[in-house]
Amino acid sequence: MQSEKPVLLLTGASRGIGHATVKRFSDAGWRVITVSRDVVPPECRRDPNWTRHITADLAEPEALDQFLAEVRDELGGGSLNALVNNAGVSPKTPFQERLGCLNGDLADWHRVFQLNFFTPLALGRALAPHLARAKGAIVNVTSIAGHAVHPFAGSAYSTSKAALSALTREMAVEFAQLGVRVNAVAPGEIETAMLSPNTDVLIPRIPLNRLGQPDDVASTIFYLCAAESAYITGTEIFVTGGQHLF
């Protein structure tokens, strides 16, 4: 019976938005395969639908290749109903200050783009046959920072997320020929460990007057992978409390 469950593959699963997304899909009865740099906490691994977790740093091309081999082995010749590209990195100075175009190391830019942009592209290409069998869906997690200069998000992170937004549109057109939908979710100020400690100063610029919660993003991701969104592709949904309007 387990093989008949829809299958989710999620990157960046160990905390925050990724952890909330696992729970949302698992509660709906999906089989869940995950990857992150960190080992998933034991209380999360007890979830009976959390079928497999792979510890890997997808910012390293060799690790990405090994991960894909393990995923293909896990899927066999089966289908993949949803791929959620959630893993991301945003380097800061030792004092947690924003890194811009002038003060950031170019090596960090390469690492950021490898994980935030090239990894979603590589996963989509490699797993396209499995997604096509399920007429599945891809969701790329972008960011409000990809659409305007952000006071805390660094330039490498912001531009990589802008590129991922554009990639979502390109993929949507091409993957539609396979019956696969591709959309994006752009979170705003979500209360996770990645959030800057000074983010509270932005609340007056958020029309809903609060920080977002990981569940706010997880429920949107789930919607874009579910049958209710079967005619939606190439779309980016802002989960920002209205902050992106300013």
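Residues numbered from 1 in each chain as written. Predicted model: local features only at pLDDT ≥ 70, side-chain atom pairs only at ≥ 80, totals over all residues. Heavy atoms only, no water.

The protein chain is annotated in an unreviewed UniProt entry as 3-oxoacyl-ACP reductase of Aliidongia dinghuensis.

Regarding the pairing of strand β2 (residues 31-36)
Within a regular beta strand, the side chains point alternately toward one face of the sheet and then the other, so they alternate between its two faces. Here is the rule we go by: Note on exposure labels: buried denotes an accessible area under 20% of the residue type's maximum, exposed denotes more than 50%, and partly exposed covers the range between, all computed with a 1.4 Å probe on protein chains only. Here a strand is any run of E in DSSP of at least two residues, a helix any run of H or I of at least four, and the numbering for each starts at the N terminus. Note on handedness: a clockwise path from strand one over the helix to strand two, with the strands aimed away from the viewer, defines a right-handed crossover.
Among the six residues of β2, six are classified as buried, and the element is accordingly described as predominantly covered. Burial along β2 is two-sided: Arg31, Ile33 and Val35 and Val32, Thr34 and Ser36, pointing in opposite directions, are all buried. In this region the chain leaves strand β1 (residues 7-11), passes through helix α1 (residues 16-27) and returns to the parallel neighbour β2; the handedness of that crossover is right-handed.

Quick notes on the packing of helix α4 (residues 106-134) against helix α5 (residues 155-175)
The line we're drawing: Each axis is a line fitted through C-alpha atoms, and for a helix only the stretch in contact is used; angles between axes span 0 to 180 degrees, taken between their N-to-C directions. With respect to orientation, any angle under 35 degrees is reported as roughly parallel, any angle over 145 as roughly antiparallel, any angle of 65 to 115 as roughly perpendicular, and every other angle as oblique. Put simply, a crossing is left-handed when the front helix is turned counterclockwise from the back one by less than a right angle, and right-handed when it is turned clockwise. Only heavy atoms enter the contact rule, under which two residues are in contact if any of them lie within 4.5 Å. Asp, Glu, Lys and Arg are counted as charged, while Ala, Val, Leu, Ile, Met, Phe, Trp, Tyr, Cys and Pro are counted as nonpolar; the rest, among them Gly, fall into the polar class.
It is the contact of α4 with α5, at a shortest axis distance of 8 Å, that shows an interaxial angle of 15 degrees. Judged by the inter-axis angle, α4 sits roughly parallel to α5. For the pair α4 and α5, the crossing hand works out as right-handed. Counting all contacts with α4, which are made through Trp109, Val112, Phe113, Asn116, Phe117, Pro120, Leu121, Gly124, Arg125 and Ala128, the residues of α5 involved are Ser155, Ala156, Tyr157, Thr159, Ser160, Lys161, Ala163, Leu164, Leu167, Met171 and Phe175. For the contact of α4 with α5, a count of residues per class yields 14 nonpolar, five polar and two charged.

Concerning α4
Quick reminder of the rule: The span expected for a helix works out to 1.5 Å for each residue beyond the first. The quantity called bend is, for any residue, the angle between two axes fitted respectively to the seven residues ending at it and the seven beginning at it. Identification of polar contacts relies on pairs of N or O atoms within 3.5 Å, with a donor-acceptor requirement for protein atoms, meaning one able to donate a hydrogen and the other able to accept it, and with residues adjacent in sequence counted only if both atoms are side-chain atoms.
Over its 29 residues, α4 extends 40 Å from the first C-alpha to the last, a length consistent with the 42 Å expected when each residue adds 1.5 Å. Within α4, the axis deviates most sharply at Ala128, by approximately 60 degrees, and proline Pro129 lies no more than four positions further along. Sitting at the amino-terminal end of α4 is Asp105, which places a side-chain oxygen 2.8 Å from the backbone nitrogen of Ala107.

Focus: the packing of aromatic side chains
The line we're drawing: Think of it this way: a Phe, Tyr or Trp ring, Trp meaning its six-membered ring, pairs with another when their centres are within 6.5 Å, and the plane angle makes it stacked under 30 degrees, edge-to-face over 60, tilted otherwise.
Evaluation of the coordinates by the stated rule reveals five aromatic pairs. Ring geometry for Trp30 versus Phe222: centroids 6.3 Å apart, planes at 65 degrees, classification edge-to-face. Placement of Trp30 in the loop between α1 and β2 and of Phe222 in helix α6 (residues 214-225) is noted, with a sequence separation of 192 residues between them. Trp30 gets classed as buried once you look at its relative accessible area, which sits at 8%.

Focus: the nonpolar core
Under the convention used in this document: Put simply, buried Ala, Val, Leu, Ile, Met, Phe, Trp, Tyr and Cys residues joined by side-chain atoms within 4.5 Å make one nonpolar core.
If you look at the biggest cluster of nonpolar residues, it comprises 35 residues, and the most contacted ones within it are Leu9, Phe67, Leu80, Leu127 and Ile138. Only β1, β2, α3 (61-75), α4 and α5 provide two or more residues apiece to this core. Per-element accounting of this core gives the leading share, nine residues, to α4. When sequence neighbours within four positions are dropped, the list of residues in contact with Leu9 reads Ile33, Phe67, Val71, Leu80, Ala82, Leu83, Val84 and Leu127. If you look at the next biggest cluster of nonpolar residues, it comprises 22 residues, including Leu8, Trp30, Ala137 and Leu224.

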